[in-house]
Amino acid sequence: MPMSVPGNERQRRQWRPPHHRRPACRRVFAGFTLLELLVVLVIVGIMLGAVALNANPGDRQLLQNETQRIALLLQLARDEAIVRNQPVAFEADEYRYRFLIRNDSQWSALTGDEQLREREYRRAPLNLMLQPSSGDRRPLRIVFGHEPVDKAFALTLTYGGQSATIRADGIGNFQVE
């Protein structure tokens with residue numbers, strides 16, 4: 001068949017297998033859309049905000065953390081007094097706190113225990129108030145005997161207008177408020 005016959009070209013195009021046809025309009029995407037970039041920026045901003053809040057806690061958060069740590073250590077000191085069958089005391093002033101043990105007739109620092117070692121407050125000075133009051137005696141001292149039942153008390157720590165309280169019920173429960 002001669003090539004000059006009209007319509008032959010159309011028939012030849014239709015006869016080709018489908019994989020040889022080229023799409024009429026093919027888009028090639030390169031890069032990200034503006035919406036995708038904005039979503040990523042929002043996620044990064046939220047993550048940086050969360051890190052900044054945890055990296056620089058305020059006075060309230062620091063005081064709450066310190067009070068929680070002291071409550072756990074008081075519970076440990078109470079248990080230590082029962083296990084050792086010797087009085088253990090928590091002694092605190094405005095800048096630091098420590099734990100003492102009664103040997104014979106005198107109090108000495110509790111040594112050999114990494115948990116009940118002397119520590120300084122992260123923010124100082126702290127104002128400490130014990131209820132019921134033990135008088136104006138400084139440093140403040142709470143004594144745990146070898147008996148499982150003790151006196152109930154409330155220890156309030158105050159710093160920069162913020163306060164947190166440890167309440168002990170006398171039977172080993174310490175609660176932070």
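Conventions we followed
Residues numbered from 1 in each chain as written. Predicted model: local features only at pLDDT ≥ 70, side-chain atom pairs only at ≥ 80, totals over all residues. Heavy atoms only, no water. 1 Å grid on protein atoms, 1.4 Å probe; cavity = no way out; pocket = protein on both sides within 12 Å on 5 of 7 lines; lining within 4 Å. Points joined across faces, edges and corners; volume = space filled by probe spheres on them. Helix = DSSP H or I, 4+ residues; strand = E, 2+ residues; numbered from the N terminus. Nonpolar A, V, L, I, M, F, W, Y, C, P; charged D, E, K, R; others polar. Buried < 20%, exposed > 50% of the residue type's maximum accessible area, 1.4 Å probe, protein only. Pairing = 2+ DSSP bridges. Axes fitted to C-alpha atoms, helices over the stretch in contact; angles between N-to-C directions. Phe/Tyr/Trp six-rings, centres within 6.5 Å; stacked < 30°, edge-to-face > 60°. Expected span 1.5 Å × (residues − 1). Polar contact = N/O pair within 3.5 Å; in protein donor to acceptor, adjacent residues only side chain to side chain. Contact = heavy atoms within 4.5 Å.

**Observations concerning empty space enclosed by the protein**
All told, the structure shown has 1 cavity of 30 Å³ or more when counted by the stated rule. Lining the largest cavity, in full, are Asp59, Leu62, Leu63, Glu66, Tyr121, Arg123, Leu126 and Tyr159. The element contributing the most residues to the lining of the largest cavity is helix α3 (residues 59-84), with 4 residues. Split by residue class, the lining of the largest cavity holds 5 nonpolar, no polar and 3 charged.

**Section: the layout of surface pockets**
Roughly 380 Å³ of volume is contained in the largest pocket. Along its surface, the largest pocket is lined by 22 residues, and Leu130, Arg141, Ile142, Val143 and Lys151 are the ones closest to its centre. Going through the elements one at a time, β5 (127-131) and β6 (140-144) are the ones with two or more residues in the lining of the largest pocket. Of the residues forming the lining of the largest pocket, the biggest block, 4 residues, is contributed by β6.

**Concerning the pairing of β5**
Here β5 shows a buried face lined by Leu128 and Leu130 and an unburied face lined by Asn127, Met129 and Gln131. Relative to strand β7 (residues 153-159), β5 is paired through 5 bridges, and the arrangement is antiparallel. Bridge pairing in β7 links Asn127 to Thr158.

**So, the sheet that holds strand β9 (residues 174-176)**
One open sheet accounts for 4 strands, arranged β5-β7-β8-β9; its pairing is antiparallel. The open sheet has two edge strands, β5 and β9, and neither has a second partner. Averaged over all adjacent pairs, the angle separating strand axes in this sheet is 15°, with direction ignored.

**Points about the packing of aromatic side chains**
Within a pair of aromatic rings, the relevant descriptors are the distance that separates the centres and the angle that separates the planes. Enumeration over the complete set of coordinates arrives at 7 aromatic pairs. Centre to centre, the rings of Phe90 and Tyr97 are 5.8 Å apart; their planes meet at 45°, and the pair counts as tilted. Classification of Tyr97 as buried rests on a relative accessible area of 1%. Ring plane angle 90° and centroid distance 6.4 Å describe the contact between Tyr97 and Phe99, whose orientation is recorded as edge-to-face. Here Phe99 falls in the buried class, since its relative accessible area comes to 1%. The structure contains a cluster of three or more aromatic residues connected by ring pairs, namely Phe90, Tyr97, Phe99 and Tyr121.

**Examining α3**
If you check α3, its first and last C-alpha atoms are 37 Å apart, about what 26 residues at 1.5 Å a residue would give, namely 38 Å. All of the buried residues in α3 are Leu62, Leu63, Glu66, Thr67, Ile70, Ala71, Leu73, Leu74, Ala77, Arg78, Glu80 and Ala81. Two residues or fewer past α3, Asn85 is found with a positive phi of approximately 60°.

**Overview of the side chain of Glu80**
Looking at the secondary structure, you find Glu80 in helix α3. Side-chain polar atoms of Glu80 contact the side chain of Arg84, separated by 2.5 Å. Once you skip the residues sitting within four places of it in the chain, Glu80 turns out to touch Val88, Asp113 and Leu116.

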